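One letter stands for each residue in the lines below.
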Amino acid sequence: MFSIKPLVAAFCLSALAPLAIAGGTHGGHSDEAAPNIGKPGVAAQATRTVTMALYDNYYEVDTLEVKAGETVRFQLKNEGVLLHEFNIGTAAMHKNHQSEMLKMMEHGMMTPTGMVEMDHSGMEGMEGMKHDDPNSILLAPGESKEITWTFSGDAELEFACNMPGHYQAGMVGEVSSH
Ligand SMILES: [Cu+2]
């Protein structure tokens, strides 16, 4: 855990920076090309399996080294009492996803311990909002799941949990590719 502390601190600072200029110039991030974070892989073609436990609120592993083009099979188990996510993306993607998940929580679609099954098709602003990104899985307390990912090596990635407050508490790890 200790090795990522400076990294987390840096992200917290960069996350605060846009708030200071809110209402001023707009960053226009949506115009930027989407980063090439890789793609879902086929488990049978994975060259490596990474087994990792998720706790409240940190991952068993805090850094991961991958090679460009490598397909890694992640076998995950939530050992905590809270709902956790394993999401592969850039720091900016995680930040966006954190506000989406906060919105889902505020609308009762999700609680700190699980997803809520409900029909939210009629809720304004919530149409089509569900948690089904290919680069992310959610694990209920005690649940085991797996995800396979082929890394591109073209983007600076983190694996992170975007449940409200978890990333800030340290539930984030660094992916270094070479
Ligand atoms: Cu979490």
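Residues numbered from 1 in each chain as written. Predicted model: local features only at pLDDT ≥ 70, side-chain atom pairs only at ≥ 80, totals over all residues. Heavy atoms only, no water.

## Topic: the pattern of salt bridges
Across all of its chains, the model carries two salt bridges by this definition. Close ionic contact of Glu 70 with Arg 48 constitutes a salt bridge, the shortest N to O distance being 3.1 Å. Residue Glu 70 is located in the loop between strand S4 (63-66) and strand S5 (71-78), and its partner Arg 48 is located in strand S2 (residues 48-55); the two are separated by 22 residues in the primary sequence. With a closest N to O distance of 2.7 Å, Glu 146 and Arg 73 form a salt bridge. (Salt bridge = Lys/Arg side-chain N within 4 Å of Asp/Glu carboxyl O. Helix = DSSP H or I, 4+ residues; strand = E, 2+ residues; numbered from the N terminus.)

## Focus: the sheet that holds strand S6 (residues 84-89)
Read across the sheet, five strands follow the order S4-S12-S11-S6-S9 without closing on themselves; strand pairing throughout is mixed. Of all strands in the sheet, those bounded by a partner on one side alone are S4 and strand S9 (136-139). Taking the axes of each pair of neighbouring strands and ignoring which way they run, one obtains an average angle of 20° across the sheet. As defined by bridge partners, S4 adjoins strand S12 (residues 172-177) across four bridges and the pair is classed as parallel. Each bridged residue has a counterpart across the sheet, and for Leu 64 the counterpart in S12 is Val 175. Its contacts with the sheet place helix H2 (residues 91-106) against S6, S9 and strand S11 (157-160), and it is angled at close to 145° to S6. (Pairing = 2+ DSSP bridges. Axes fitted to C-alpha atoms, helices over the stretch in contact; angles between N-to-C directions. Contact = heavy atoms within 4.5 Å.)

## Considerations on the coordination of the copper ion
Within the first shell, the copper ion binds the protein through His 84 (ND1), Cys 161 (SG), His 166 (ND1) and Met 171 (SD), at distances of 2.0 to 2.6 Å. For the copper ion, the four donor atoms in the first shell make angles of 87 to 136° at the metal, so the coordination geometry reads as irregular. Sequence positions of the donors to the copper ion reduce to the motif H-x76-C-x4-H-x4-M. Note that His 84 is positioned in strand S6 and Met 171 in the loop between helix H3 (166-169) and S12, a separation of 87 residues in sequence. The pair formed by His 84 and Met 171 is uniform in burial state, with each residue classed as buried. (Donors = N, O, S within 2.8 Å, 3.2 Å for Na, K, Ca; no water. Tetrahedral: all angles 85-135°; square planar, octahedral: opposite > 155°, others 65-115°. Buried < 20%, exposed > 50% of the residue type's maximum accessible area, 1.4 Å probe, protein only.)

## What about unusual backbone geometry?
Each neighbour pair has its own omega, and for Asp 56 with Asn 57 the value is -10°, a cis peptide bond. Position of Asn 57 relative to the elements: it lies in the loop between S2 and strand S3 (58-59).

## Details of the packing of aromatic side chains
Enumeration according to the criterion identifies six aromatic pairs in this entry. On the numbers, 6.3 Å between centres and 75° between planes, the contact of Phe 74 with Phe 151 is edge-to-face. Of the two residues, Phe 74 sits in strand S5 while Phe 151 sits in the loop between strand S10 (144-150) and S11, which places them 77 residues apart along the sequence. Of the two residues, Phe 74 and Phe 151, neither departs from the other in class, the shared state being buried. An aromatic cluster is built from Tyr 59, Phe 74, Phe 86, Phe 151 and Phe 159, whose rings are joined through pairwise contacts. (Phe/Tyr/Trp six-rings, centres within 6.5 Å; stacked < 30°, edge-to-face > 60°.)

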